[in-house]
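# Architecture and fold: a report
Letter by letter, the chains look like this.
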Amino acid sequence: MSKSNVFRIIVLLAIVAGSLSLGTRPAAAATLPPEFQDAEWVCENLWGGSYQGGHDCVIDFETWTWFTTQGYPGYGYTAYLSSLWDEWGCALDEGVLLELQPIFLGGMYAGQWGYFGSKVIGCTDLGGAEGRIGDAIRGDEGGGTLELKPPRNGMMNYDAGTCDENNCRITQNLPVGAEKDLGTIPGGADATLYVNLGGGTGSYTVCFWGEGTIYQYISGLWQAIATSIGGGKSCASASGDGSFAFSEN
């Protein structure tokens, strides 16, 4: 997206947000343009970001400073953006990985949805290795290893075909239920890992640096799974999407 269009997009977002607050449906509801349901278009044209596939969009500080101020960094807004990067735990030379989320609209667009929501997934090393997205790392169609940065030390070893169309991803961030129940793991969790295959069902191996036990969140409970130890790592086999935690001996 052209940086010169940023201000207009922010105004558009404000207008749409205003329609949400109206809570009424006019006699002739407007039709939301279909591009608002296209994650790639929304990432590049609504957020001024770099599309990573799926629902992932990376925004960076330099672009966003220009994007939101139109080249006029007055009024303390640059400092405000800096505080956001700090709040998200990211350095100013890192990008922020957003997961775009659909929101059903009210008001003039009642009953329709678009990618107007987002969730911060992690920080991005903009100059890092190809395929690496900060705290979330995306696989490719061949076999390989995805590894989080220390101390978020989970990793995934997968065979060719497991990550078809670059859809699989790992992150230290667990789904709400699994995160909430971490306290039930004996001795607590020293590291966590969430594997999302993007609809795939392939098998893989999860590993953590250190010697201990790997737990998987199954049917609403953290359960110890068969763990092998060797080479300074603890590993376990799994398939499909999964939440994992590691408790070091």
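Residues numbered from 1 in each chain as written. Predicted model: local features only at pLDDT ≥ 70, side-chain atom pairs only at ≥ 80, totals over all residues. Heavy atoms only, no water.

### What to know about the nonpolar core
It is characteristic of soluble globular proteins that their nonpolar side chains tend to be buried jointly. In this structure, Trp47, Ile59, Trp85 and Leu100 are the most contacted members of the largest nonpolar core, which totals 23 residues. Secondary-structure elements contributing two or more residues to this core are helix 2 (39–45), strand 2 (56–60), helix 3 (61–69), helix 4 (77–87), strand 3 (95–104) and strand 4 (113–124). Not counting chain neighbours up to four residues away, the residues in contact with Trp85 comprise Ile59, Asp60, Phe61, Trp64, Cys90, Ala91, Leu92, Glu94 and Val96. Among the nonpolar cores identified, the runner-up in size contains 20 residues, and Leu193, Val195, Val206 and Ile214 belong to it. (Core = buried A, V, L, I, M, F, W, Y, C linked by side-chain atoms within 4.5 Å. Buried < 20%, exposed > 50% of the residue type's maximum accessible area, 1.4 Å probe, protein only. Helix = DSSP H or I, 4+ residues; strand = E, 2+ residues; numbered from the N terminus. Contact = heavy atoms within 4.5 Å.)

### Quick word on the side chain of Thr162
Positionally, Thr162 belongs in the loop between strand 8 (154–158) and strand 9 (169–171). Of the residues examined, Thr162 reaches a relative accessible area of 7% and is grouped as buried. Within the structure, Thr162 has its side chain in polar contact with the backbone oxygen of Asp159 (distance 3.1 Å). Engagement of the side chain of Thr162 in a polar contact is seen with the backbone oxygen of Ser203, the distance being 3.4 Å. Excluding anything up to four places from it in sequence, Thr162 contacts Met156, Leu197, Gly202 and Ser203. (Polar contact = N/O pair within 3.5 Å; in protein donor to acceptor, adjacent residues only side chain to side chain.)

### A short note on the sheet that holds strand 8
Across the sheet, five strands lie side by side as 7-8-11-15-14; this open sheet has antiparallel pairing. The open sheet has two edge strands with one neighbour each: strand 7 (144–147) and strand 14 (228–230). In this sheet, neighbouring strand axes are inclined to one another by 25° on average, regardless of whether the strands run parallel or antiparallel. Two strands pair when backbone bridges link them, and strand 8 and strand 11 (residues 203–209) are joined in this way by five bridges, in the antiparallel orientation. Across the sheet, residue Asn157 finds its bridge partner in strand 11, namely Thr205. (Pairing = 2+ DSSP bridges. Axes fitted to C-alpha atoms, helices over the stretch in contact; angles between N-to-C directions.)

### Brief notes about the environment of Met156
Structurally, Met156 can be placed in strand 8. Sequence spacing of Met156 and Val206 is 50 residues, and the spatial spacing of their C-alpha atoms is 4.5 Å. Apart from residues no more than four positions distant in its own chain, Met156 is found in contact with Gly144, Thr145, Leu146, Thr162, Cys163, Cys168, Ile170, Val195, Leu197, Tyr204 and Thr205.

### Observations regarding the pairing of strand 10 (residues 191–196)
Of all six residues that make up strand 10, five are buried, and the element is covered over most of its length. Bridge analysis of strand 9 against strand 10 gives three bridges, and the strand direction is antiparallel. Bridging across to strand 10, Thr171 finds its partner in Tyr194. Pairing geometry for strand 10 and strand 16 (residues 242–248), over five bridges, is antiparallel. Looking at strand 16, one finds that Val195 is bridged to Gly242.

### Re the state of the cysteines
Evaluation of the coordinates by the stated rule reveals three disulfides. A disulfide bridge connects Cys43 with Cys57, and the sulfur atoms are separated by 2.2 Å. The S-S bond linking Cys43 to Cys57 shows a torsion near 80°; that makes this disulfide right-handed. In this pair, Cys43 sits in helix 2 while Cys57 sits in strand 2, placing the two residues 14 residues apart along the sequence. Residue class for Cys43 comes out buried when judged on its relative accessible area of 0%. (Disulfide = S-S within 2.5 Å.)

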